[in-house]
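# Tertiary structure, described
For reference, the chains in residue letters:
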Amino acid sequence: EDQVTQSPEALRLQEGESSSLNCSYTVSGLRGLFWYRQDPGKGPEFLFTLYSAGEEKEKERLKATLTKKESFLHITAPKPEDSATYLCAVQAWSQAGTALIFGKGTTLSVSS
Amino acid sequence: GAGVSQSPRYKVAKRGQDVALRCDPISGHVSLFWYQQALGQGPEFLTYFQNEAQLDKSGLPSDRFFAERPEGSVSTLKIQRTQQEDSAVYLCASSPTGLAGGTYEQYFGPGTRLTVT
């Protein structure tokens, strides 16, 4: 069964304190791994897509990496505006392979 | 440019009532998805349309849930005889390509928060 597990569930950081969020996945065949940001009361906002092990993508203070079993979202020198829930999702090469399978998310709080 | 829009943003229904939730995808997007998000959980897949064809409805929790996209653009998710366990945020997402088009990110709307009392 395709599955995504994110850790930790919640993370509190001081402004400027770098850290990483983990996304472990099991999937029959990975079509793509996606990172989204979700603010309270809003829909998920797309951040990154990763397709193969070894791939990395960056956007401002965020950097996403991918191995065959997990992905990391590295946050460098976070600011309070980075506070949000970060969702990881996979898309599998299966009969109904377009649906995204999400983890429960990591809620990040950054204080000044 | 305009993103995915959903209406209403909030809906309160009494148990047993029927509700209809609307999704306007990004113009020209081939694929449209519905997800259900319970409090503190990630979104869970409900159903998928490629243009007007409903190709996957494996995530619909019961036969009380019905979705349509008759002209390949706007979609409606209908829930009949609502139950308390239907309370959740219903998210719509669209993507520019279909099944054969490779892997593309899905763009989400703001969601409709349904509360069944």
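Residues numbered from 1 in each chain as written. Chains lettered and ligands numbered in written order. Predicted model: local features only at pLDDT ≥ 70, side-chain atom pairs only at ≥ 80, totals over all residues. Heavy atoms only, no water.

What follows concerns the state of the cysteines. Per the stated rule, a full pass over the model turns up two disulfides over all chains. One disulfide bridge connects A:Cys23 with A:Cys88, the sulfur atoms lying 2.0 Å from each other. Disulfide A:Cys23-A:Cys88: torsion about the S-S bond near -60 degrees, hence left-handed. Remark: A:Cys88 occurs in strand S9 (residues 84-92) and A:Cys23 occurs in strand S3 (residues 19-26); sequence separation between them is 65 residues. Here A:Cys23 matches A:Cys88 in class, with each residue buried. Across a sulfur-sulfur distance of 1.8 Å, B:Cys23 and B:Cys92 are joined as a disulfide pair. Across the S-S bond of B:Cys23 and B:Cys92 the torsion is about -65 degrees, and the bridge reads as left-handed. (Disulfide = S-S within 2.5 Å. Helix = DSSP H or I, 4+ residues; strand = E, 2+ residues; numbered from the N terminus. Buried < 20%, exposed > 50% of the residue type's maximum accessible area, 1.4 Å probe, protein only.)

Residues and elements named next belong to chain A. Residues Val-4 and Gln-6 of strand S1 (residues 3-7) are buried on one face, while the alternating residues Gln-3, Thr-5 and Ser-7, pointing to the opposite face, are not. For S1 and S3, the ladder comprises five bridges, and the chain directions are antiparallel. Paired with Thr-5 across the two strands is Ser-24, which belongs to S3. (Pairing = 2+ DSSP bridges.)

All names here are of chain A. In total, this model carries seven salt bridges over all chains according to the counting rule given. Its salt-bridge partner being Arg-61, residue Asp-82 comes within 2.8 Å of it at the nearest N-O pair. In this pair, Asp-82 sits in the loop between strand S8 (70-75) and S9 while Arg-61 sits in the loop between strand S6 (56-59) and strand S7 (62-66), placing the two residues 21 residues apart along the sequence. For Arg-61, a relative accessible area of 21% translates into the label partly exposed. (Salt bridge = Lys/Arg side-chain N within 4 Å of Asp/Glu carboxyl O.)

With that settled, consider unusual backbone geometry. Residue and element names in this part refer to chain A. That bond from Ser-7 to Pro-8 is cis: its omega, -10 degrees, falls within 30 degrees of zero. Positive phi, normally seen in glycine, also occurs at Glu-60, with a value near 55 degrees. We classify Glu-60 as exposed; its relative accessible area is 71%.

All names here are of chain A. Across the sheet, five strands lie side by side as S1-S3-S8-S7-S6; this open sheet has antiparallel pairing. Of all the strands in the sheet, just S1 and S6 have a single pairing partner and so form its edges. Direction aside, neighbouring strands of the sheet carry axes that sit 15 degrees apart on average. One ladder, built from four bridges, connects S6 with S7; its direction is antiparallel. (Axes fitted to C-alpha atoms, helices over the stretch in contact; angles between N-to-C directions.)

Before going further, it helps to spend a moment on the interface of chain B and chain A. Contacts between the two partners involve 21 residues from chain B, matched on the other side by 21 residues from chain A. Between chain B and chain A, a total of about 1,700 Å² is buried, with carbon and sulfur atoms accounting for 54% of that surface. Inspection of the region where chain B meets chain A yields four residue pairs in polar contact (both at pLDDT 80 or more). Mapped onto the side of chain B that touches chain A, the elements with two or more residues apiece are strand S4 (31-37) and strand S5 (44-50) of chain B. (Contact = heavy atoms within 4.5 Å. Buried area = accessible area lost by both parts, 1.4 Å probe. Polar contact = N/O pair within 3.5 Å; in protein donor to acceptor, adjacent residues only side chain to side chain.)

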